[in-house]
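Chain by chain, the residues run as shown.
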Amino acid sequence: MVLLPKATKTSLVKLVRSKGYEVPSIRDAMFSTCGRSRGFFLAWAPKDGEWHHAYYTGAGGRPVLSVDGEWLELTMAEVIHFGLVEKK
């Protein structure tokens, strides 16, 4: 069994919020995938007007999350809880 990264706009917003970042509204966030690779982008601007960016993917068999260029620790339990993996 292989676990691959996957994300939806809602699941990625929930993960970023769980890491302490304020994402004002799911409606106001922009979500995109990175072509065929398993990379997912999220961008949002809170009330202060400054844009923030998050990137979620897998590297070296581990899930990774970058928010505003800062790499954050993720556990498999977190990504499974938020539905950010696909079993193949």
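In the block above lies the structure referred to throughout.
Keep in mind the model is a prediction, meaning the values are calculated, not measured. (Residues numbered from 1 in each chain as written. Predicted model: local features only at pLDDT ≥ 70, side-chain atom pairs only at ≥ 80, totals over all residues. Heavy atoms only, no water.)

### Quick word on the overall build of the protein chain
When you go through the protein chain residue by residue, the secondary structure sums to two helices and seven strands. Listed by position from the N terminus, the elements making up the protein chain come as β-α-β-β-β-β-β-α-β. The C-alpha atoms of the protein chain give a radius of gyration of 12 Å, which matches the 12 Å a tight globule of 88 residues would have. Dimensions along the principal axes, computed over C-alpha positions, put the protein chain at roughly 45 × 25 × 20 Å. Across the 88 residues of the protein chain, 34% fall into the buried class. For the protein chain, restricting intrachain contacts to residue pairs at least 6 apart in sequence, the fraction spanning at least 24 positions comes to 39%. By element, 55% of the accessible surface of the protein chain is carried by carbon and sulfur atoms, the whole surface being about 5500 Å². (Helix = DSSP H or I, 4+ residues; strand = E, 2+ residues; numbered from the N terminus. Rg over C-alpha atoms; globule rule 2.2 N^0.38 Å. Buried < 20%, exposed > 50% of the residue type's maximum accessible area, 1.4 Å probe, protein only. Contact = heavy atoms within 4.5 Å. Areas by Shrake-Rupley, 256 points an atom, 1.4 Å probe, with all protein chains shown as cover.)

### A word on the pairing of strand E2 (residues 30-33)
Examined bridge by bridge, E2 and strand E3 (residues 40-44) share four bridges and lie antiparallel to one another. Paired with Met30 across the strands is Ala43, a residue of E3. Between the end of E2 and the start of E3, which pair antiparallel, lie six residues, with Gly35 showing a positive phi angle near 55°. (Pairing = 2+ DSSP bridges.)

### Considerations on a nonpolar patch on the surface
Together, Met1, Leu3, Met76 and Ile80 make up an exposed nonpolar region whose accessible area comes to about 420 Å². When you line up the elements, Met1 lands in the segment before strand E1 (3-5). (Patch = residues over 30% accessible without salt bridge, like charges linked within 9 Å, V, L, I, M, F, W, Y side chains within 5 Å. Salt bridge = Lys/Arg side-chain N within 4 Å of Asp/Glu carboxyl O.)

### Quick word on the sheet that holds strand E4 (residues 52-59)
Hydrogen bonds along the backbone pair up the strands of a sheet, which may run parallel or antiparallel. A sheet is described by the order of its strands in space; here five strands give the open sequence E2-E3-E4-E5-E6, paired in antiparallel fashion. Since the sheet does not close on itself, it has two edges, and those belong to E2 and strand E6 (70-72), each with one partner. In this sheet, neighbouring strand axes are inclined to one another by 20° on average, regardless of whether the strands run parallel or antiparallel. Along the sheet, helix H1 (residues 9-18) makes contact with E2, E3, E4 and strand E5 (62-67), crossing E3 at roughly 70°. (Axes fitted to C-alpha atoms, helices over the stretch in contact; angles between N-to-C directions.)

### A look at the packing of aromatic side chains
Going through the model one piece at a time under the given rule, you end up with three aromatic pairs. Connected via pairs of aromatic rings, a cluster forms that spans Phe31, Phe40 and Tyr56. (Phe/Tyr/Trp six-rings, centres within 6.5 Å; stacked < 30°, edge-to-face > 60°.)

### Describing unusual backbone geometry
Excluding glycine, most residues fall at negative phi; most peptide bonds, likewise, are trans. The backbone of Asp68 sits at a positive phi, close to 50°, despite the residue not being glycine. Within the secondary structure, Asp68 is located in the loop between E5 and E6.

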